[in-house]
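Observations on the model geometry
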2 protein chains.
Amino acid sequence: MAVTLADVAAHAGVSSATVSRVLSGNYPVAGATRNRVLRAVEELEYVVNGPASALAAASSDLLGILVNDIADPFFGIIASAVQGELEGQGQGEGPVPRKLAVVCNTGGSPERELTYLTLLQRQRAAAIVLTGGAVEDPEHSAALAARLRRLAAGGTRIVLCGRPPLSDGQGGGPVPGALLTVAFDNRGGARALTEHLLALGHRHIGYVAGPAERTTTRHRLEGHSAALEAHESFDPARAERLTVHGGGYHRSAGYEGTRVLLHRAPETTAVLAANDTVALGVCAALREAGLRIPEDVSVAGFDDLPFSADASPTLTTVRLPLQEAGARAGRLALGTQPPPRGGVTTIGHELVVRASTAPPRAGG
Amino acid sequence: MAVTLADVAAHAGVSSATVSRVLSGNYPVAGATRNRVLRAVEELEYVVNGPASALAAASSDLLGILVNDIADPFFGIIASAVQGELEGQGQGEGPVPRKLAVVCNTGGSPERELTYLTLLQRQRAAAIVLTGGAVEDPEHSAALAARLRRLAAGGTRIVLCGRPPLSDGQGGGPVPGALLTVAFDNRGGARALTEHLLALGHRHIGYVAGPAERTTTRHRLEGHSAALEAHESFDPARAERLTVHGGGYHRSAGYEGTRVLLHRAPETTAVLAANDTVALGVCAALREAGLRIPEDVSVAGFDDLPFSADASPTLTTVRLPLQEAGARAGRLALGTQPPPRGGVTTIGHELVVRASTAPPRAGG
DNA sequence: TGAGCGGTAGTAAGCGCTTACTGCGCCGCG
DNA sequence: CGCGGCGCAGTAAGCGCTTACTACCGCTCA
């Protein structure tokens, strides 16, 4: 039904091999012949059969991206940046991408992560970018690590973006050049935020954290704790009481978490949220409780998503260069940027102080 | 290198045809044989070669989604909903997706839309969902329509989601059952919004519109105009003067547009934004000009993205059921929902009144 | 008892492309 | 004048899977 290479070849009066060579461009073909072929391609409106070509060449033009939730701008921005790198991979004028991005929503579930990995492997994806924090379940992370190692060993480029490097401890060592990491400094960011609040004079700092089983959550909490512990006012029991775990990185988690927090520790004068989205829920719950932000309670987010600058009030947060991280991950996945020694790139962060944080009221 | 069907067949002591049949599941295989095969698959960790299977079966498991900007939650939500429908397409327990979504960022450019269409066609995608408004350039839309018609005729299911049905006027008639549309009522929504402002007493209603060449922009403007014209206070010159076109559906477009608007028509008491994101920019510009929202100027958005309820102030807007639209589009693309007569599904909308709109001050 | 049939499984012919290998014509050099 | 080499282009062997067709077995039914 569809036009095939052979049709084009016949139309141009050459062999199908020649057509293939003209199209792939990695073999010398005389100018005249080349033009004849290209004209035939035009005239017949020939479109390569991707599967056939992938089968014969044993490689495909697909790049997989695993995200927790594509509706969340955090992942959207990263995915968009990764895709941006696929452009300019064209062969002709302008940014005509050659590779296609397959975006898979894992919903944060390790099982689905594994499932999608299989699906991508089935498609013989050239590279796979895994975004978002990992789940801490040792069984799953071992299974995942094993899978990734095997994929990497099989030639699939694997890039972990925004999650810590593989650390199952067991299994053959790292696969250099094929299993890369672009990590955020979640600890450092959270620490900076907590130090900011401490410097403002806050002593009762609540923390509405993300799901307990995620590495991201743990790292941010660790940074928070580190800042607390380094401060004269440190009280482990208080810190414990002021930390609540939410059900996810959603607005509702912030809302619910804050209600719990306010009930448990009404003396709270500042709340650190798992991320900006959660912070919105935190703000809503505080306002509902009749508390003003930042006069009565300060609030800080994490990530600095675009909406944070327009929230009410504008959100103090830690800016994570998602765009840059995604682009980096994309380049590593495509192999257009040499991997750093050790395979791990750590992306910086920046404290962004806006209107949602202020000194506590006198006596706070 | 990789394990093949033949390997599995040998291991299980059957022919490769049998293995294929067990895995595809669309042919009877005796229980004992099936188990033997499945065990072999497990033991050898066999993963189907997607390209090979797509080549032989002349169809792939890929579903393409074209979006303007994956970092924009508007598209993220739709994409996420479409993907949601791919799950549950599994064969075993739980939602194990069979199909994979390929998300392509077109950046709103018609050329790239065409390019990605080619790429997806090359991959022999089973279906393609195009989201977001179309560009009004007659040349491009004719080219696009022709392409889509041809793809649809070739068996690729095409679903337009959030954009008007194809209307090039020329070219063979519609391809029933293969070229579907899920449209938003942009006119109706904008009309409702303007009526809301008129009812509040506003007479100087500015409109910071999206890019002039997009259908979405035109439709929303038309709804706005319709409401205006139906009102006793209608003044074409004023309406004209109060409408500014922005450079895109971004915050900065709202900011810039509002500055132009305030300069051109300082008497403005209400501003309608192209969408919620633009509305954020509008608010920023107004605030910068020393105007309070909604006391001095009312602002309304469009779409009701998640952040709108948390903006400062909370945004009056028109809720578009993106989730529902995406899910619908996904089902139509997969063929799991029968297409409506005529192929066009129109999704409703809902006026959401929040804190950013209020009556104008006396004399406004 | 034998033809016929339903239920399984094997055989093998591609699907459309890539690429190693071969072939051919022409030039330069000995 | 002959031969090696070079630059193109053709030949054909797969890549791993699906599936039409065929084969076989064991029953049922006349």
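Residues numbered from 1 in each chain as written. Chains lettered and ligands numbered in written order. Predicted model: local features only at pLDDT ≥ 70, side-chain atom pairs only at ≥ 80, totals over all residues. Heavy atoms only, no water.

Per an unreviewed UniProt entry, chain A carries the name LacI family DNA-binding transcriptional regulator and comes from Streptomyces spirodelae.

**Thoughts on the protein's contact with DNA strand D**
The environment of DNA strand D is formed by 24 residues, the closest being A:Thr18, A:Thr33, B:Leu5, B:Ser20 and B:Tyr46. When the atoms of DNA strand D within 4 Å of the protein are grouped by moiety, sugar and phosphate amount to 63% of the total. The separation between a base nitrogen of DNA strand D and a polar side-chain atom of A:Tyr27 is 3.2 Å. The separation between a phosphate oxygen of DNA strand D and a polar main-chain atom of B:Leu5 is 2.4 Å. (Near = heavy atom within 4 Å. Polar contact = N/O pair within 3.5 Å; in protein donor to acceptor, adjacent residues only side chain to side chain.)

**Structural notes on the protein's contact with DNA strand C**
Taken together, 24 residues surround DNA strand C, and among them A:Leu5, A:Ser20, A:Tyr46, B:Thr18 and B:Thr33 come closest. For DNA strand C, the fraction of protein-proximal atoms (within 4 Å) that sit in sugar or phosphate groups is 62%. Note that a base nitrogen of DNA strand C is positioned 3.5 Å from one of the backbone N or O atoms of A:Ala52. Taking B:Arg21, its side chain carries an N or O atom lying 2.6 Å from a base nitrogen of DNA strand C. Looking at the surface near DNA strand C, the elements with two or more residues in it are helix H2 (16-24) and helix H4 (50-57) of chain A together with helix H2 (16-24) and helix H4 (50-57) of chain B. (Helix = DSSP H or I, 4+ residues; strand = E, 2+ residues; numbered from the N terminus.)

**Overview of the sheet that holds strand E6 (residues 205-209) of chain B**
Residues and elements named next belong to chain B. Spatially, the 4 strands line up as an open sheet ordered E7-E6-E8-E9, and their pairing is parallel. Looking at which strands have only one partner, the edges of the open sheet turn out to be strand E7 (243-245) and strand E9 (298-300). Looking at each pair of strands side by side, their axes are set apart by 15 degrees on average, direction ignored. Note that E6 and E7 share 3 bridges and pair parallel. Note that in E7 the partner of Tyr207 across the bridge is Thr243. In this fold helix H8 (residues 186-200) packs onto E6, strand E8 (270-273) and E9, with an angle of close to 170 degrees to the strand it touches most, E8. Set on the sheet, helix H12 (residues 276-288) makes contact with E6, E8 and E9; between it and E9 the angle comes to about 160 degrees. (Pairing = 2+ DSSP bridges. Axes fitted to C-alpha atoms, helices over the stretch in contact; angles between N-to-C directions. Contact = heavy atoms within 4.5 Å.)

**Observations concerning the packing of aromatic side chains**
All names here are of chain A. Summed over all chains, the structure comprises 4 aromatic pairs over all chains. Here the aromatic rings of Phe74 and Phe75 are separated by 4.9 Å at their centres, their planes lie at 75 degrees, and the arrangement is edge-to-face. For Phe74, a relative accessible area of 10% gives the class buried. In this structure Phe75 comes out as buried when scored by relative accessible area, which is 7%. (Phe/Tyr/Trp six-rings, centres within 6.5 Å; stacked < 30°, edge-to-face > 60°. Buried < 20%, exposed > 50% of the residue type's maximum accessible area, 1.4 Å probe, protein only.)

**A closer look at the sheet that holds strand E8 (residues 270-273) of chain A**
All names here are of chain A. Spatial strand order, E7-E6-E8-E9: 4 strands in an open sheet with parallel pairing. If you trace the sheet from one side to the other, it starts and ends with strand E7 (243-245) and strand E9 (298-300), each paired once. Ignoring which end each strand starts from, the neighbouring axes of this sheet average 15 degrees apart. Contacts between helix H9 (residues 215-229) and the sheet are confined to strand E6 (205-209), E7 and E8, with E6 contributing the most and set at about 170 degrees to the helix.

**Things to note about the pattern of salt bridges**
Counted under the stated rule, the structure contains 34 salt bridges over all chains. With its nearest N and O atoms 2.4 Å apart, the salt bridge here joins B:Asp310 to A:Arg251. With B:Asp310 in the loop between E9 and strand E10 (317-319) and A:Arg251 in helix H11 (residues 251-264), the pair connects residues from two separate chains. Connected via shared salt-bridge partners are A:Glu136, A:Arg187, A:Arg218 and A:Glu222. (Salt bridge = Lys/Arg side-chain N within 4 Å of Asp/Glu carboxyl O.)

**Things to note about the domain arrangement of chain A**
The figure often quoted for interface size is the accessible area lost as the parts come together. According to the domain assignment, chain A consists of domain 1 (5-48), domain 2 (62-184 + 323-347) and domain 3 (187-319). Its C-alpha centre places domain 1 of chain A at a distance of 62 Å from the equivalent point of domain 3 of chain A. (Domains from an automatic or database assignment.)

**Quick look at the UniProt feature "domain: HTH lacI-type" (unreviewed entry) in chain A**
As recorded in UniProt, the feature "domain: HTH lacI-type" (unreviewed entry) lies at residues 3-57 of chain A. What you have in residues 3-57 of chain A is 71% helix and 0% strand, and the ends, taken at the C-alpha atoms, are 20 Å apart. (UniProt positions renumbered as here; feature names shortened; annotations may be inferred.)

**A few points about the relation of the copies chain A and chain B**
Between the two chain copies there is a screw-like relation: a rotation about an axis and a shift along it. You can overlay chain A on chain B at an RMSD of 0.1 Å; the transform is a turn of 180 degrees with a shift of 0.0 Å along its axis. Accordingly, the operation relating the two chain copies is best matched by a two-fold axis. Most of the interface of chain A is mirrored in chain B: 100% of its interface residues are interface residues there too. (Least-squares fit on C-alpha atoms with pLDDT ≥ 70 in both.)

**Focus on the state of the cysteines**
Following the criterion strictly, the structure yields 0 disulfides over all chains and no others. Cysteine A:Cys161 shares no disulfide, and the gap to the nearest cysteine sulfur, in A:Cys104, comes to 15 Å. Overall, the relative accessible area of 0% leaves A:Cys161 in the buried class. For the unlinked cysteine B:Cys104, the closest cysteine sulfur is that of A:Cys104, found at 13 Å. (Disulfide = S-S within 2.5 Å.)

**Remarks on the interface of chain A and chain B**
Taken together, the contact between chain A and chain B spans 48 residues of the former and 48 residues of the latter. Here chain A meets chain B over a buried area of about 4,500 Å², counting both sides, of which 59% is carbon and sulfur. Its largest share of buried area at the contact with chain B, chain A owes to A:Leu100, A:Arg122 and A:Asp310, together 15% of the area lost on that side. Counting every contact that joins chain A to chain B gives 6 salt bridges. The interface formed by chain A and chain B contains 19 residue pairs in polar contact (both at pLDDT 80 or more). Elements supplying a minimum of two residues to the side of chain A that touches chain B: H4, helix H5 (73-86), strand E2 (100-105) and helix H6 (110-122) of chain A. With 8 residues, the single largest contributor to the side of chain A that touches chain B is H6(A). Each residue belonging to the side of chain A that touches chain B can be placed in one class, and the counts come to 26 nonpolar, 11 polar and 11 charged. (Buried area = accessible area lost by both parts, 1.4 Å probe. Nonpolar A, V, L, I, M, F, W, Y, C, P; charged D, E, K, R; others polar.)

**Considering the packing of helix H11 (residues 251-264) of chain B against H12(B)**
All names here are of chain B. Between H11 and H12, the least distance of the axes is 6 Å, while the angle of their chain directions is 45 degrees. One way to sum up the angle between H11 and H12 is to call them oblique. Between H11 and H12 the crossing geometry is right-handed. For the pair formed by H11 and H12, the contact residues are Arg251, Gly254, Tyr255, Thr258, Arg259 and Leu262 on the first element and Thr277, Val278, Leu280, Gly281, Val282, Ala284, Ala285, Leu286 and Glu288 on the second. (Parallel < 35°, antiparallel > 145°, perpendicular 65-115°, else oblique. Left-handed = near helix turned anticlockwise from the far one by under 90°.)

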